[in-house]
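# Topology and contacts: notes
Letter by letter, the chains look like this.
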Amino acid sequence: MRLFSGEIYKNRRDQLKKQITGGQILIFGNNEAPMNYKANTYRFRQDSNFLYYFGINMPGLVGLIDPGSDRDLIFGHELTLDDIIWEGPVEPLSSLAEKVGISLTLPLDKLPETLRKAGVHYLPPYRGDRQIYIRETLGIQIPPSVALIRAVVAQRSVKAPEELAEMAQAVNITRDMHLAAMRATRPGRKEYEVVAEILKTLKSHNAELSYPVIFSVNGQTLHNHYHGNEMQAGRLLLNDSGAENEMGYAGDITRTFPVSGRFTTRQKEIYEIVLKMETASIAALRPGVAYRQVHLDANRILLEGLSALGLVSGDLDTLVQEGVGGLFMPHGLGHSIGLDVHDMEDLGEQYVGYREGLERSTQLGLKSLRLAKELETGNVLTVEPGCYFIPELIQKYRSEGIFTQYVNYTRLEDYLDFGGIRIEDNVAITADSFKILGDPIPKTVAEVEKIMTEY
Ligand code: GLY
Ligand code: MN
Ligand code: MN
């Protein structure tokens, strides 16, 4: 198990203690989750808050941070002989705890008597077993702590140098997955044959997926997890896949490329618009910039490009304000990323991506923007503009007469079989600018066509 130094975890906990006065803090690790019966489990994924403050990637643990004391605790169970017979002699909990700066571990059944329930702080549980444990075993009746949510979000939103190094590594594994996919794609193959290459590359780095692979000729479906289509020349392929490295940090990259290796003129026209949205958005990133504005500016570039192609018309400011871009990009420009691919989404996007005075819009596109607030040094986020032709959405808007004064629905008919394009990179905010994480991944038309035709 790879861990940061004990000092790092201790400092993180000490920093948290300064923000929370009164009441103990409970950080729950995850339990094994049964797939069809108890002993046959899904891949174990540790809770990211537990990983952040306690590091240990093992099921069945609870961390207790006591702001009134300098001693933090981990509750869990030491291996029995039966565990060793079935699962092997893994490192004892007490020894792992030592490595993350914890000198005392106790059996989990000692937690109820150690806990001072009054004023306890805990984070929103997102798994049913945890909700039951909190309410029934621990007898905690108060809701999750907003003060703790705010403190954790503030801390985890700013990535330290050692975290940025892990994230760059996750992106570089992801890069290899994308290069393998580009090289393996050719007309006549099935999508799942390429997904197999993506997974093989991932596993060769001892990594896991940070989310289920999105790999499809039907890129207009934003999160398309069906991989059974034959890839035909003339179609575009959208690959949104990412690695989670050994320390739990996520990569989240999208590239779109032609199955045949060469873009058609029509594909190139739309691709260049999305590429410009992506590169211009990244170039605008620095501390203090509101990501909502970057999203709106990306929409402006989209509408300007579609206007040049005769698909929309009208004053650009009006088009942006009316949300016409949402018809072509019904998602947000990006989100925070870190230990979770949508970082800290379990804690609530209103805390992670918004702030008081900045409310979520209800407009198609803008309502799915997960990160809207002003950026800070140390934030890491995705920039992932797209342009999609979703027949069902276009037909619904057309039949309901929505945006008829702006959208050339007759010309759009030619695009109903187009699919979708998304380009996504992971970017860190530096003291005065930005840094794209990892080594470059083919992105321009020339770069993509070159790698696609190299084999
Ligand atoms: N990979 C999911 C997303 O981009 O949000
Ligand atoms: Mn993303
Ligand atoms: Mn993605």
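How each quantity is defined
- Residues numbered from 1 in each chain as written.
- Chains lettered and ligands numbered in written order.
- Predicted model: local features only at pLDDT ≥ 70, side-chain atom pairs only at ≥ 80, totals over all residues.
- Heavy atoms only, no water.
- Pairing = 2+ DSSP bridges.
- Helix = DSSP H or I, 4+ residues; strand = E, 2+ residues; numbered from the N terminus.
- Polar contact = N/O pair within 3.5 Å; in protein donor to acceptor, adjacent residues only side chain to side chain.
- Contact = heavy atoms within 4.5 Å.
- Near = heavy atom within 4 Å.
- Areas by Shrake-Rupley, 256 points an atom, 1.4 Å probe, with all protein chains shown as cover.

### Some details on the sheet that holds strand β5 (residues 73-76)
Here five strands make up an open sheet; going across it, the order is β6-β5-β4-β1-β7 and the pairing mixed. Only two strands of the sheet have a single partner each, and these edge strands are β6 (104-107) and β7 (121-122). Here three bridges tie strand β4 (residues 62-65) to β5, and the two strands are oriented antiparallel to one another. Its bridge partner lying in β5, L64 is registered against L73.

### What about the side chain of D72?
Among the structural elements, D72 can be located in the loop between β4 and β5. At 2.8 Å, the side chain of D72 forms a polar contact with the side chain of R13. Only 3.1 Å separates the side chain of D72 from the side chain of K17, close enough to count as a polar contact. Not counting residues within four places of it along the chain, the set of residues in contact with D72 comprises R13, K17, L64, I65, D66, I102 and L104.

### What about the site of ligand 1?
Around ligand 1, the structure places Y211, H223, D240, D252, H335, H342, E384 and E424. Measuring from a nitrogen atom of ligand 1, one finds a side-chain N or O atom of D240 at 3.2 Å. Within the contact set of ligand 1, an oxygen atom lies 2.7 Å away from a side-chain nitrogen or oxygen of H342. Considered on its own, ligand 1 offers 200 Å² of accessible surface; in the complex 95% of this is hidden by protein.

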